[in-house]
Amino acid sequence: AQSVTQLGSHVSVSEGALVLLRCNYSSSVPPYLFWYVQYPNQGLQLLLKYTSAATLVKGINGFEAEFKKSETSFHLTKPSAHMSDAAEYFCAVTGGYNKLIFGAGTRLAVHP
Amino acid sequence: NAGVTQTPKFRILKIGQSMTLQCTQDMNHNYMYWYRQDPGMGLKLIYYSVGAGITDKGEVPNGYNVSRSTTEDFPLRLELAAPSQTSVYFCASRTDRTDTQYFGPGTRLTVL
């Protein structure tokens, strides 16, 4: 069965600092992996996805993630945080009929 | 395209009342999904549909029902509301040519 673990329910960074949000997955088949972002009082928006092509995936708003099979990880990074990046971020893996299995989410706070 | 729309945005129910959460998409997507989001728990799949007339249970279907009479609409029915159903509900859809799901803005439901 597929599962996702996001390490750290809250992450706080300074504006301009590196953003690193951690995601580890478990899958019995080659996974498709996703990062979604949720701004306050809004729905989820796709940031990026891995579908077995390049292991380094670039997404919107300067985010990228690297698929590491040996570590079963798909961590999300951004070199320089902006105030507008404050949101909740969800890692997800496909789980049959392309159902998405979500992690619990990481709330990112960016302070001046 | 409006994408995925959900109504209502907010609703307060009394225990035992019933209601229908509406979801409509105008992208001609075959696949549609209902998730609930509880704090610190990520999103859990309630029901999904792979096309008009075809629905199936997800992880947490108890207390809910769905129907899919058209491609566009996928309503979620709560028959006897319980406090445990207090949550934010998201509808999503996708085509059968991509694994990316598109989410609606959500319905915030409180059962008192």
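If you're wondering where the values come from, they're calculated on a predicted model, not measured in any experiment.

### Regarding the side chain of B:His29
With respect to the helices and strands, B:His29 occurs in the loop between strand S3 (19-25) and strand S4 (31-37). For B:His29, the contacting residues outside a window of four places in its chain are B:Arg68, B:Thr71, B:Ser93, B:Arg94, B:Thr95 and B:Tyr102.

### What about the interface of chain B and chain A?
Across the contact, 21 residues belong to chain B and 19 residues belong to chain A. In this assembly, chain B and chain A are joined by 1 salt bridge. Salt-bridge contacts for B:Asp99 lead to A:Lys49; the nearest nitrogen and oxygen are separated by 3.7 Å. Here chain B and chain A share 4 residue pairs in polar contact (both at pLDDT 80 or more) between them. Going through the elements one at a time, S4, strand S5 (43-51) and strand S9 (87-94) of chain B are the ones with two or more residues in the side of chain B that touches chain A. Residue composition of the side of chain B that touches chain A, by class: 11 nonpolar, 7 polar and 3 charged.

### What to know about the pairing of S9(B)
All names here are of chain B. Here S9 lies mainly inside the structure; 8 of its 8 residues are buried. Side chains Ser 87, Tyr 89, Cys 91 and Ser 93 project from S9 onto one buried face, and the interleaved Val 88, Phe 90, Ala 92 and Arg 94 project onto a second face that is buried too. Inspection of the sheet shows S4 paired to S9 by 7 bridges, in the antiparallel sense. Looking at the pairing, Gln 37 lines up with Val 88 of S9. The pairing of S9 with strand S11 (residues 107-111) spans 3 bridges and is antiparallel. In the sheet register, Ser 87 faces S11, and the bridge partner there is Leu 109. Relative to strand S10 (residues 102-103), S9 runs antiparallel, the two sharing 2 bridges. Note on S10: the bridge partner recorded for Ser 93 is Tyr 102.

Conventions adopted
- Residues numbered from 1 in each chain as written.
- Chains lettered and ligands numbered in written order.
- Predicted model: local features only at pLDDT ≥ 70, side-chain atom pairs only at ≥ 80, totals over all residues.
- Heavy atoms only, no water.
- Helix = DSSP H or I, 4+ residues; strand = E, 2+ residues; numbered from the N terminus.
- Contact = heavy atoms within 4.5 Å.
- Salt bridge = Lys/Arg side-chain N within 4 Å of Asp/Glu carboxyl O.
- Polar contact = N/O pair within 3.5 Å; in protein donor to acceptor, adjacent residues only side chain to side chain.
- Nonpolar A, V, L, I, M, F, W, Y, C, P; charged D, E, K, R; others polar.
- Buried < 20%, exposed > 50% of the residue type's maximum accessible area, 1.4 Å probe, protein only.
- Pairing = 2+ DSSP bridges.

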